[in-house]
Amino acid sequence: MRDFRRSGPVILMRLTDYEATLLESLVEQFCGLLEADAEVPDAGDSFARWQSELSADEPLDRSDPVIVRLFPDAYPEDPIGSAEFRRLTQARQRTERLGQAEIVMSALRDCDAGKHPVQVRLIDLQGWLKTLTAVRLSLAVRLGINTSEDAEDLDQLPETDPKAYVYRVYEWVAYLTENLIGLA
């Protein structure tokens, strides 16, 4: 990481080639989690898409703790009500998250693996922040971070432990987020 600076309606973020590739990989993996198994009707037919969304079975793997954390039960004491809430809202939430992630991916592709600064347009900043937060939340779930003590324990791991590397990535995503917020 070299620097962040604001230039008018754009935040310029300098990433090394490794950092740009890593962030792109993290966002791609996040998108992979959100992609449903079901076929999506043609985007030009809004009614068919809406009908498909409302009649589809659960499109995401609820056995994955990341999915459960990203889409928590609206009614924890009412599994039927929670399932119905997901049926009515999850497709739109997934579409919005994937659209926000695509904004990030587009800017990362434009930086040409760190050869140019990543340009974060202020108009897209909310999408960036939501995507980075979701990526960080996904990493937290995979690392088992539920409390500040869990994070402190991971911070004490020897560098040779694979979890230590993932924890450093988790912290780095927080660093990116904080710097973007600071320049907003």
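This text follows the structure it describes.
Definitions and limits used
Every chain's residues receive numbers from 1 upward, in the order its sequence appears when written. Residue-level local features of this predicted model are given only where pLDDT is at least 70; pairs of side-chain atoms are given and counted only at 80 or more, and the full residue set underlies all totals for whole chains, interfaces and linings. Side-chain calculation: all heavy atoms of the structure are included, whereas hydrogens and water are not. Note on method: axes are straight lines fitted to C-alpha atoms, helices fitted across the in-contact stretch only, with angles between N-to-C directions ranging 0 to 180 degrees. Under the scheme used here, helices are H or I runs from DSSP no shorter than 4 residues and strands are E runs no shorter than 2 residues, and both carry numbers assigned from the N terminus. An angle below 35 degrees is read as roughly parallel, one above 145 as roughly antiparallel, one from 65 to 115 as roughly perpendicular, and any other as oblique. Whether two residues are in contact is decided by their heavy atoms: any pair within 4.5 Å suffices. The nonpolar class holds Ala, Val, Leu, Ile, Met, Phe, Trp, Tyr, Cys and Pro. Asp, Glu, Lys and Arg form the charged class, and all remaining residues, Gly among them, are polar. Whether a set of points on the 1 Å grid over the protein atoms alone is a cavity depends on a 1.4 Å probe fitting there but being unable to get out, while an open set qualifies as a pocket with protein on both sides within 12 Å along at least five of seven lines; lining residues are those with an atom within 4 Å of a point. Grid points are joined across faces, edges and corners, and a volume is the space filled by probe spheres set on the points. DSSP calls a pair of strands paired once it identifies at least 2 bridges connecting them. Between the rings of Phe, Tyr and Trp (Trp by its six-membered ring), a pair exists once the centres lie within 6.5 Å; its type follows the angle of the planes, with under 30 degrees stacked, over 60 edge-to-face, and the other angles tilted. By definition here, charges over rings are those cases where NZ of Lys or CZ of Arg is within 6 Å of the ring centre and within 35 degrees of the ring normal. Partly exposed describes any residue whose relative accessible area lies between the buried limit of under 20% and the exposed limit of over 50%, with all areas from a 1.4 Å probe on protein chains only and scaled to the type maximum. Only buried residues count toward a nonpolar core. Its members are Ala, Val, Leu, Ile, Met, Phe, Trp, Tyr and Cys residues joined through side-chain atoms within 4.5 Å. Helix crossings fall into two classes, left-handed where the near helix is turned counterclockwise from the far one by less than a right angle and right-handed where it is turned clockwise.

Caption draft 1: Examining the packing of helix α1 (residues 17-34) against helix α5 (residues 125-143) more closely. In contact at an axis separation of 10 Å, α1 and α5 are set at 80 degrees when each is read in the N-to-C sense. Classified by the angle their axes make, α1 and α5 are roughly perpendicular. Of α5, the residues touching α1 (which contributes L23, L26, V27, F30 and L33) are W128, T131, L132, A134, V135, S138, L139 and R142. A per-class count over the contact of α1 with α5 returns 10 nonpolar, 2 polar and 1 charged.

Caption draft 2: Layout of the layout of surface pockets. One number sums up the size of the second largest pocket: a volume of about 280 Å³. Lining of the second largest pocket is provided by 13 residues; of these, L26, Q29, S138, L139 and R142 occupy positions nearest its centre. Within the residue set of the lining of the second largest pocket, elements represented by two or more residues are α1, α5 and α7 (162-182). No other element matches α1, which puts 6 residues into the lining of the second largest pocket. Tallied by class, the residues present in the lining of the second largest pocket amount to 9 nonpolar, 3 polar and 1 charged.

Caption draft 3: Geometry of the sheet that holds strand β1 (residues 3-7). In space, the 3 strands of this open sheet follow the order β1-β2-β3, with antiparallel pairing throughout. Where the open sheet ends on each side, the last strands, each with one partner, are β1 and β3 (118-121). Here the average twist between neighbouring strands, direction ignored, is 25 degrees. Against the sheet, α5 engages β2 (10-14) and β3, with an angle of about 115 degrees to β3.

Caption draft 4: Examining the packing of aromatic side chains more closely. Under the criterion given, the structure shown has 3 aromatic pairs. Taken together, a centroid distance of 6.1 Å and an interplanar angle of 85 degrees make the contact between Y75 and F85 edge-to-face. Of this pair, Y75 sits in the loop between α3 (65-70) and α4 (79-110) while F85 sits in helix α4, and the two are 10 residues apart along the sequence. When the ring centre of Y170 is taken as reference, the NZ or CZ atom of R136 above it lies at 4.0 Å.

Caption draft 5: Main features of the environment of A134. Inspection of the secondary structure assignment puts A134 in helix α5. In this structure A134 comes out as buried when scored by relative accessible area, which is 5%. Residues A134 and A101, 33 residues apart in the sequence, show an inter-C-alpha distance of 9.7 Å. Every residue in contact with A134, bar those within four places of it in the chain, is listed here: F30, L70 and R97.

Caption draft 6: Representation of the nonpolar core. M13, L15, L23, V118, W128 and L180 are the most contacted members of the largest nonpolar core, which has 44 residues in total. Taken together, the elements giving at least two residues each to this core come down to β2, α1, α3, α4, β3, α5, α6 (148-155) and α7. Top element by residues in this core is α5. It accounts for 9 residues.

Caption draft 7: Quick look at the packing of α1 against α4. Viewed as axis vectors pointing N to C, α1 and α4 meet at an angle of 160 degrees, and their least axial separation amounts to 10 Å. One finds that α1 runs roughly antiparallel with respect to α4. As for the relative orientation of α1 and α4, their crossing is left-handed in sense. Here A20, L23, E24, V27, E28, F30, C31 and L34 of α1 come into contact with α4, specifically with R94, R97, L98, A101, V104, M105, L108 and R109. Taken together, the residues of the contact of α1 with α4 break down into 11 nonpolar, no polar and 5 charged.

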